[in-house]
Each structure stands twice: as structure tokens, then as C-alpha cells.
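The residues making up each chain are set out below.
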Amino acid sequence: MARKSLIARNEKRMRLAEKYAKKRTELKERGDWEGLQKLPRNSCPVRIRNRCFITGRSRGYLRQFGMSRICLREQAAKGHVPGLRKSSW
């Protein structure tokens, strides 16, 4: 389980990116790079980190499922992920 502070920080970044998205695109179109620098750093969508929605783990994240490889394996073994099962050959 990831630390609660890291999860909260990432959620704050998502809120800020959504809040300043329109202003950021307007400044980019005008080419106002100084105005763009005055916006909060965490409002940049590049700083958002993909995290597992179950554990908050940032590494081994699988975008298609929205969770980490470890959680995906556990959920698939329990049969909670439709259309996914353990392979054997």
C-alpha cells in the first residue's frame, strides 16, 4: 500500500490540472511562456502519476485495467476480472 500522502498529492495534482487546463491551452496558443510559468507547477498534467486504484502502487501499472500487475494477478485468480484467466499450455 502506498503512503496516503503520495496518493493525496497525486489527487491534488489531478484537481489542479483539471482546474488550469483551459487557461494553460490559451497561454500555449498565444505563446505566453512567462504567463505559463506563473501557473502552479502541479497544474501541469505531465506531473500526474498513474496509480493503482486499489493499492495506490505507481510501478507496474497497467493502463488497460487501471491497476498494478500484482493486484491484477490477485483479482484474475479470484475471477473478478471478466474475460481474463490464468494461462496454461
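Everything numeric here is computed off the predicted structure, so don't read it as measured data.

*Asks:* Could you give an account of the environment of E11, with specific residues and numbers?
*Replies:* Summarising the element assignment, E11 is placed in helix 1 (residues 4-30). Relative accessible area serves as the criterion here: at 40%, E11 is assigned to the partly exposed category. A C-alpha to C-alpha distance of 9.4 Å links E11 and R49, two positions 38 residues apart in sequence.

*Asks:* Break down the layout of surface pockets for me, citing the residues and quoting the values.
*Replies:* Each pocket or cavity is described by its volume, and for the largest pocket that value is around 230 Å³. Lining the largest pocket are R69, L72, R73, A76, A77, L84, R85, K86 and S87. Among the residues making up the lining of the largest pocket, the classes are represented as four nonpolar, one polar and four charged. Looking at the second largest pocket, its volume works out to about 180 Å³. Surrounding the second largest pocket, 14 residues form its lining, N10, M14, R51, C52 and F53 being those nearest its centre. Considering each element in turn, the lining of the second largest pocket owes the most residues, four residues, to helix 1. Class assignment for the residues of the lining of the second largest pocket results in six nonpolar, five polar and three charged.

*Asks:* Outline helix 1, listing residues and values.
*Replies:* Given a rise of 1.5 Å per residue, 27 residues ought to cover 39 Å, and the 38 Å separating the end C-alpha atoms of helix 1 matches this to within 8%. A21 marks the point of greatest bend in helix 1, at about 50°. Buried residues of helix 1: I7, N10, R13, L16, A17, Y20, R24 and L27, and no others. In the core, the buried residues of helix 1 are packed alongside helix 2 (33-37).

*Asks:* Break down a positive patch on the surface for me, with residues and values.
*Replies:* On the surface, a cluster of positive charge is contributed by R49, R57, R59 and R69. By relative accessible area, R49 is classed as partly exposed at 42%.

*Asks:* Describe the side chain of S68, naming the residues involved and giving the relevant values.
*Replies:* Relative to the helices and strands, S68 is located in strand 2 (residues 67-68). Under the relative-accessibility criterion, S68 is labelled buried at 0%.

*Asks:* Could you give an account of helix 3 (residues 69-78), naming the residues involved and the relevant values?
*Replies:* Among all positions of helix 3, only C71, L72, Q75 and A76 are buried. The buried residues of helix 3 occupy an angular sector of 130° when projected down its axis, which confines them to one face. Along helix 3, the residues that are exposed and aim more than 90 degrees away from the buried face are R73, A77 and K78. Summarising the contacts, the buried residues of helix 3 are in contact with strand 1 (61-62) and strand 2. G79 sits one or two positions beyond helix 3 and adopts a positive phi of about 85°.

Cut-offs applied
- Residues numbered from 1 in each chain as written.
- Predicted model: local features only at pLDDT ≥ 70, side-chain atom pairs only at ≥ 80, totals over all residues.
- Heavy atoms only, no water.
- Helix = DSSP H or I, 4+ residues; strand = E, 2+ residues; numbered from the N terminus.
- Buried < 20%, exposed > 50% of the residue type's maximum accessible area, 1.4 Å probe, protein only.
- 1 Å grid on protein atoms, 1.4 Å probe; cavity = no way out; pocket = protein on both sides within 12 Å on 5 of 7 lines; lining within 4 Å.
- Points joined across faces, edges and corners; volume = space filled by probe spheres on them.
- Nonpolar A, V, L, I, M, F, W, Y, C, P; charged D, E, K, R; others polar.
- Expected span 1.5 Å × (residues − 1).
- Bend = angle between axes of the 7 residues up to and from the residue.
- Contact = heavy atoms within 4.5 Å.
- Patch = residues over 30% accessible without salt bridge, like charges linked within 9 Å, V, L, I, M, F, W, Y side chains within 5 Å.
- Areas by Shrake-Rupley, 256 points an atom, 1.4 Å probe, with all protein chains shown as cover.
- Salt bridge = Lys/Arg side-chain N within 4 Å of Asp/Glu carboxyl O.
- Lys, Arg positive; Asp, Glu negative; His and termini not counted.
- Charge placed at Lys NZ, Arg CZ, Asp CG, Glu CD.
- Arc of directions from axis to C-beta.

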